[in-house]
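Geometric and topological summary
Chain residues, written in single-letter form:
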Amino acid sequence: MNRRESVVDVDVIVAGSVNQDRKVSVRRLPGPGETVLAEGAGVSGGGKGANQAAAVARAGATVALVGAVGDDEAGEAQRADLRASGVDVSLLRTVPGERTGTALITVSADGENTIVVDPGANARVTAPDRSVRAAVVLTQAEIPADAIRDTAAAATAIGARFVHNAAPAPALSEIPAGADPLVVNEHEAAALLGEAGGRPEETAERLRAAANARSVVVTLGADGSAAADAEGTFRVSATGAAAVVDTTGAGDAYTGALAAALACGEPLHGAVKSASEAGAAAVAWEGARPE
């Protein structure tokens with residue numbers, strides 16, 4: 001599918017991955033070398049880019065996804081699912097001869113998960129051209145580093161705010177300067193800094209300096225979020241949630257809602273609160289996106 005010549009004008013452009021998620025449910029996650037029996041299995045939509053784009057749409061903002069799928073049934077299924085979720089897929093390429101990305105997910109009875117990703121067509125994602133307009137441009141680390149850097153440059157060129165979710169954690173040198181914010185969880189923050197521990201607010205400030213980011217948000221699960229920007233640091237408490245069913249995609253729901261709130265003019269503190277509510281809601285459904 002070729003990109004349209006006309007301008008795509010939305011609140012948020014997401015450049016990111018699209019996967020088919022293959023999930024198995026187990027009583028507990030297996031240890032190294034251990035085999036456990038699944039209690040259920042299923043196939044659904046996933047990929048950080050696709051999940052976050054769908055979350056932007058759920059939050060009420062307009063969104064277009066820049067990405068790539070294979071010319072297979074999974075690619076067509078994901079395109080249709082995203083369109084039904086309110087995502088503009090006119091910038092989602094189909095790569096001839098390539099397979100759609102796949103995520104292999106194991107979910108335990110308490111909602112925890114392990115995930116292995118086969119990138120497939122996601123390795124062919126490129127940055128959006130200048131025929132796009134948006135208030136926010138959002139990327140994640142499931143696409144090539146060159147695509148992320150080029151997308152950051154494209155965001156600057158069109159006057160958009162660049163938000164980057166460094167997940168899974170890359171090398172610190174692969175994160176473009178100027179992210180506003182750089183979004184990570186506490187484990188990714190520790191991996192990027194090469195250290196763990198300390199107050200989350202201090203971690204956010206250290207990472208802001210190390211990554212040359214304008215702002216940083218560190219998610220802390222049930223302990224809320226910590227953030228740092230040019231005005232200082234702050235903490236936002238977690239929002240109460242229903243019983244945890246599946247944590248898959250909760251971080252993506254958080255990041256998508258954050259981008260939507262920023263695009264609609266919310267200051268960072270208010271956007272983090274909106275994101276916390278979206279992340280809390282996401283653990284109450286199975287899979288990365290609600291059916």
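Remember, it's a predicted structure, so these values are computed and weren't measured experimentally. Position labels on residues start from 1 in each chain and follow its written sequence. Thresholds applied to this predicted model are a pLDDT of at least 70 for local features of residues and 80 or more for the giving and counting of side-chain atom pairs; totals over whole chains, interfaces and linings are not thresholded and use all residues. Only hydrogens and water are set aside; all other atoms, that is, all heavy atoms of the structure, feed into the side-chain values.

Details of the pattern of salt bridges
A side-chain nitrogen of Lys or Arg and a carboxyl oxygen of Asp or Glu constitute a salt bridge if their distance falls within 4 Å. In total, this model carries twelve salt bridges according to the counting rule given. Residues Arg-235 and Glu-201 are paired through a salt bridge, measuring 3.7 Å at the closest nitrogen-oxygen approach. One end of the pair, Arg-235, is in strand β15 (residues 232-236); the other, Glu-201, is in helix α5 (residues 200-210), and 34 residues separate them in sequence. Relative accessibility decides the category of a residue: with a 1.4 Å probe and only protein chains considered, values under 20% of the type maximum give buried, values over 50% give exposed, and everything between is partly exposed. According to the relative accessible area criterion, Arg-235 is partly exposed, its value standing at 38%. The closest approach of N and O atoms between Glu-205 and Arg-208, which form a salt bridge, is 3.4 Å. Of this pair, Glu-205 and Arg-208 both sit in helix α5, three residues apart, roughly one helical turn. A relative accessible area of 28% places Glu-205 in the partly exposed class. The helix count covers DSSP runs of H or I at least four residues long, the strand count covers runs of E at least two residues long, and both are numbered beginning at the N terminus.

Quick look at the side chain of Asn-165
Along the chain, the position of Asn-165 falls in strand β11 (residues 161-165). In this description, contact between two residues means that some pair of their heavy atoms is separated by no more than 4.5 Å. In this structure, Asn-165 is in contact with Lys-48, Gln-52, Thr-139, Gln-140, Ala-141, Val-183, Asp-252 and Thr-255, ignoring residues within four places of it in sequence.

Regarding the sheet that holds strand β8 (residues 113-118)
Should DSSP find at least two bridges between two strands, the strands are regarded as paired. An order of β4-β3-β7-β8 is seen for the four strands of this open sheet, with the pairing classed as mixed. Every interior strand has two partners, whereas the edge strands, β4 (40-46) and β8, have only one. On average, each strand axis in the sheet is tilted by 20° relative to the strand beside it, whichever way the strands run. Pairing between strand β3 (residues 19-25) and β4: seven bridges, direction antiparallel. Within β4, the residue paired with Val-24 across the bridge is Ala-41. Note on definitions: angles span 0 to 180 degrees between N-to-C directions of axes, and those axes are lines fitted to C-alpha atoms, for helices only across the stretch in contact.

Some points on the side chain of Thr-203
The residue Thr-203 is located in helix α5 in this model. If sequence neighbours within four positions are ignored, Thr-203 has contacts with Ala-189, Leu-193, Gly-197 and Gly-198.

Topic: the packing of helix α1 (residues 48-58) against helix α6 (residues 250-263)
Their axes nearest at 7 Å, the elements α1 and α6 cross at an angle of 50°. On the basis of the axis angle, α1 is oblique to α6. Crossing of α1 over α6 shows right-handed handedness. Listed contacts from α6 to Lys-48, Asn-51, Gln-52, Ala-55, Val-56 and Arg-58 of α1 are Asp-252, Ala-253, Thr-255, Gly-256, Ala-257, Ala-259 and Ala-260. For classification purposes, angles smaller than 35 degrees are called roughly parallel, those larger than 145 roughly antiparallel, those between 65 and 115 roughly perpendicular, and all remaining angles oblique. Here a crossing is taken to be left-handed if its near helix is turned anticlockwise relative to the far helix by less than a right angle, and right-handed if that turn runs clockwise.

What to know about unusual backbone geometry
Here the bond from Ala-167 into Pro-168 is cis, since omega is -5°, no more than 30 degrees from zero. Structurally, Pro-168 can be placed in the loop between β11 and β12 (182-185). Following Asp-180, the chain continues into Pro-181 via a peptide bond in cis, with omega recorded as 5°. Note that Pro-181 resides in the loop between β11 and β12. A positive phi angle is found at Asn-212, which is not glycine, with a value near 55°. Relative to the helices and strands, Asn-212 resides in the loop between α5 and β13 (216-219).

Considering the nonpolar core
Buried residues of nine kinds, namely Ala, Val, Leu, Ile, Met, Phe, Trp, Tyr and Cys, make up a nonpolar core once their side-chain atoms join them within 4.5 Å. In terms of nonpolar packing, the biggest core is built from 37 residues, with Ile-13, Leu-91, Leu-182, Val-184, Leu-207, Val-216 and Val-218 touching the most fellow members. If you tally residues by element for this core, the top one is helix α3 (residues 145-157), at four residues. If we ignore the near neighbours within four places in the chain, the residues touching Ile-13 are Ala-64, Val-66, Leu-91, Pro-128, Val-132, Ala-134, Val-136, Val-137 and Leu-138. Residues Ala-61, Leu-65, Phe-234 and Leu-262 belong to the second largest nonpolar core, which totals 34 residues.

Let's talk about the pairing of strand β10 (residues 136-140)
Within β10, five of the five residues are buried, which leaves it mostly tucked inside the rest of the structure. Bridge analysis of strand β2 (residues 12-15) against β10 gives four bridges, and the strand direction is parallel. By the bridge assignment for β10, Val-14 is matched with Leu-138. Here β10 pairs with β11 via five bridges, running parallel. Each residue of the ladder has a partner; that of Gln-140, found in β11, is Asn-165. Clockwise travel from the first strand over the helix to the second, with the strands pointing away from the viewer, marks a crossover as right-handed. Taken together, β10, α3 and β11 constitute a β-α-β crossover, and its handedness is right-handed.

Focus: the sheet that holds β2
Here we have nine strands laid out as an open sheet, ordered β6-β5-β2-β10-β11-β12-β13-β14-β15, and mixed in their pairing. Of all the strands in the sheet, the pair left with one neighbour each is β6 (92-95) and β15. Between one strand and the next, the sheet's axes are offset by a mean angle of 15°, whatever the strand orientation. Bridging between strand β5 (residues 63-70) and β6 involves four bridges; their strand directions are parallel.

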